[in-house]
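Residue-level structural notes
Here are the chains, one letter per residue:
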Amino acid sequence: MTETRFRARSVSEIVDAAFQLYREDALQYIVVTAVAYAPWLILRLLFVPGVGLTPSAPTFGPTAVVTLVLSGLGTWVSFALMTAVIVRLGSDAYLGDPGPRDVGATMRELMPRIPAILIGGLYKYVLAMLGLLCLVFGALYVAARYFAVDAAIVLEGRGAWAALGRSSVLSKGRKRHILNTLILIWLIYFVLDIGVTLVGQMTGSTVILLVLATAFTIVAYPLIGLTEMLLYYDARIRGEGFDIELMARSLESGAAEA
């Protein structure tokens, strides 16, 4: 990574930078999402009635309800882990860390922070649901205000509540820019997702549809995490002069080596 990356970017430039980071080491991001998410595909295929390989009846029995709840919780935890690791790996790549990035070691390092990410995510979800009472605008406001909660937890080591406050500070005066960026990356994601879903439905097989949807998530979801990470740094560059701080560090390091 060169210093020219450390500058404020437009909406399209941030999304383009996310694609660039993804292409530089796509395999590591795919491995992360596969390790975190694929086990729940297996669970659904084996045990969820009417979804995978299990007969559809009885669909609403106690076993089905318990399995669906466990599957939902597992997916929630999986996405928290995926996001945390993607943000960490993407941050290392963005900042130009020359050292090898060990996916397994990164996962183990970030596991203690998963509860904070889950709590922060739950808080955002509740606020977003309340925001829907104000039509869609309240939910969009929540998304923009708390866009950097995961990044603050992963990259700054903050707790859930401190991360919510940190994200609020970073979003001040920049919510429209943040929201436009999130809308663009999610729009790209959903359009591609619809295409994959249509292909799966054409096969007439629920199993194939589920496998294709999971494969798409594994391949495409890292772009969401990378975009959120880049938005976090973009907000710091705009509001805190983070690019100047990095340049100063680089100069100090060069002077020390000399």
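Residues numbered from 1 in each chain as written. Predicted model: local features only at pLDDT ≥ 70, side-chain atom pairs only at ≥ 80, totals over all residues. Heavy atoms only, no water.

It is worth spelling out the pattern of salt bridges at this point. Applying the stated criterion to the full structure yields seven salt bridges. In this structure, the salt-bridge partner of R166 is E156, at a minimum N-O distance of 3.0 Å. Of the two residues, R166 sits in helix 8 (residues 160-171) while E156 sits in helix 7 (residues 149-156), which places them ten residues apart along the sequence. Residue classification places R166 among the buried residues on the basis of a relative accessible area of 11%. Among the ionic pairs, E240 bridges to R236, the shortest N-O distance being 3.0 Å. A residue pair is termed a helical-turn pair when its members lie 3 or 4 positions apart in one helix, as E240 and R236 do in helix 11 (residues 222-240) at four residues. Residue class for E240 comes out partly exposed when judged on its relative accessible area of 35%. (Salt bridge = Lys/Arg side-chain N within 4 Å of Asp/Glu carboxyl O. Helix = DSSP H or I, 4+ residues; strand = E, 2+ residues; numbered from the N terminus. Buried < 20%, exposed > 50% of the residue type's maximum accessible area, 1.4 Å probe, protein only.)

Summed over the entire model, instances satisfying the criterion amount to nine aromatic pairs. Measuring from centroid to centroid gives 6.1 Å for Y22 and Y29, while their planes differ by 15 degrees, and the two rings are stacked. Between the aromatic rings of W186 and Y189, the centroid separation amounts to 5.4 Å while the plane-to-plane angle is 75 degrees, which identifies the pairing as edge-to-face. Of the two residues, W186 and Y189 both sit in helix 9 (residues 175-203), three residues apart, roughly one turn of that helix. Judged by relative accessible area, Y189 falls into the buried class, the value being 10%. A connected cluster of aromatic rings, assembled from ring pairs, spans W186, Y189, F190 and F216. (Phe/Tyr/Trp six-rings, centres within 6.5 Å; stacked < 30°, edge-to-face > 60°.)

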